[in-house]
Amino acid sequence: MGCLGNCIWFIFGGFLSGLSWIFSGILCCCTVVGIPLGVQCFKFATLAFFPFGKEIEYGGGAVSLLANIIWLLVCGIPMALENAIYGCVFCITIIGIPFGLQFFKIAKLSLMPFGASVS
């Protein structure tokens, strides 16, 4: 299911989701302070392009919390809303539920990406 799911995902929404991560990374890299935020965005763009078969593990400390607060104010809320809306649209049909769940996974990641790792 992973390979087929990723191919279908990329066509029906993964491309737009990954582009939003890349766009956010470019915006964050415009300043010296935002470069670590941008690098993290580029890491998670690959997950947004091909999420099937990958899990997200959350952790981190005080630095991750501070970075997540800054991220939430700058880019996190619009990206989370985008992915949550796509997830709701895909969950309308039975066939779209696995894709909707992937959008919800990425929406959660959009709210707190720092301290998270993809396995």
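The rules behind the values
Residues numbered from 1 in each chain as written. Predicted model: local features only at pLDDT ≥ 70, side-chain atom pairs only at ≥ 80, totals over all residues. Heavy atoms only, no water. Helix = DSSP H or I, 4+ residues; strand = E, 2+ residues; numbered from the N terminus. Buried < 20%, exposed > 50% of the residue type's maximum accessible area, 1.4 Å probe, protein only. Contact = heavy atoms within 4.5 Å. Core = buried A, V, L, I, M, F, W, Y, C linked by side-chain atoms within 4.5 Å. pLDDT = per-residue confidence, 0-100. Expected span 1.5 Å × (residues − 1). Bend = angle between axes of the 7 residues up to and from the residue. Patch = residues over 30% accessible without salt bridge, like charges linked within 9 Å, V, L, I, M, F, W, Y side chains within 5 Å. Areas by Shrake-Rupley, 256 points an atom, 1.4 Å probe, with all protein chains shown as cover. Salt bridge = Lys/Arg side-chain N within 4 Å of Asp/Glu carboxyl O. Axes fitted to C-alpha atoms, helices over the stretch in contact; angles between N-to-C directions. Parallel < 35°, antiparallel > 145°, perpendicular 65-115°, else oblique. Nonpolar A, V, L, I, M, F, W, Y, C, P; charged D, E, K, R; others polar.

Moving on, we get to the overall build of the protein. Looking only at helices and strands, the protein has 4 helices and 2 strands in total. What you see in the protein, going N to C, is helices and strands ordered as α-α-β-α-α-β. Counting only C-alpha atoms and orienting by the principal axes, one finds that the protein spans roughly 45 × 25 × 25 Å. Per-residue burial for the protein yields a buried fraction of 40% across its 119 residues. Sequence-distant contacts in the protein: of pairs separated by 6 or more residues, those separated by 24 or more amount to 74%.

Ranked by internal contacts, the top residues of the largest apolar core, which has 21 residues, are Trp 9, Trp 21, Trp 71 and Leu 109. Broken down by secondary-structure element, the contributors of at least two residues to this core are α1 (2-28), α2 (35-49), α3 (62-90) and α4 (97-111). No other element matches the 6 residues that α2 contributes to this core. Setting aside anything within four residues of it in sequence, one finds Trp 21 in contact with Cys 41, Phe 44, Ala 45, Ala 48, Trp 71, Met 79, Ile 106, Leu 109, Ser 110 and Pro 113.

What follows deals with the confidence of the model for the protein. Averaged over every residue, the pLDDT of the protein is 88; the share at 70 or more is 99%. Averaged pLDDT values over the elements of the protein bottom out at 84 in strand β2 (residues 116-118) and peak at 91 in α4.

What follows concerns α3. Relative to the 42 Å expected for 29 residues at 1.5 Å per residue, α3 spans just 35 Å between its end C-alpha atoms, considerably shorter than the ideal helical length. The sharpest bend along α3 reaches about 65° and sits at Leu 72. Listing the buried residues of α3 in full gives Ser 64, Ala 67, Asn 68, Trp 71, Cys 75, Gly 76, Met 79, Ala 80, Asn 83 and Gly 87. Those residues of α3 that are buried are in contact with α1, α2 and α4.

Helix length check: α1, at 27 residues, gives a terminal C-alpha distance of 31 Å against a target of 39 Å (1.5 Å per residue), a shortfall beyond 12%. Along its length, α1 reaches its greatest deviation from straightness, about 70°, at Gly 13. When we look at burial in α1, the residues that qualify are Gly 5, Asn 6, Trp 9, Gly 13, Gly 14, Ser 17, Gly 18, Ser 20, Trp 21, Ser 24, Gly 25 and Cys 28. Next to the buried residues of α1 lie α2, α3 and α4.

A contiguous nonpolar patch, built from Leu 4, Ile 8, Phe 10, Ile 11, Phe 12, Phe 15, Leu 16, Leu 19 and Phe 50 and spanning about 850 Å² of accessible area, is present on the exposed surface. As for its position among the elements, Phe 10 is in helix α1.

As a further point, take the packing of α1 against α3. A packed helix pair is summarised by two numbers, namely the angle formed by the two axes and the spacing between the axes. Between α1 and α3, the shortest axis-to-axis distance is 11 Å and the interhelical angle comes to 175°. Relative to α3, α1 is oriented roughly antiparallel. Residues Phe 12, Leu 16, Ser 17, Ser 20, Trp 21, Ser 24 and Cys 28 of α1 pack against Trp 71, Cys 75, Met 79, Glu 82, Asn 83, Tyr 86 and Phe 90 of α3. For the contact of α1 with α3, the residue count by class is 9 nonpolar, 4 polar and 1 charged.

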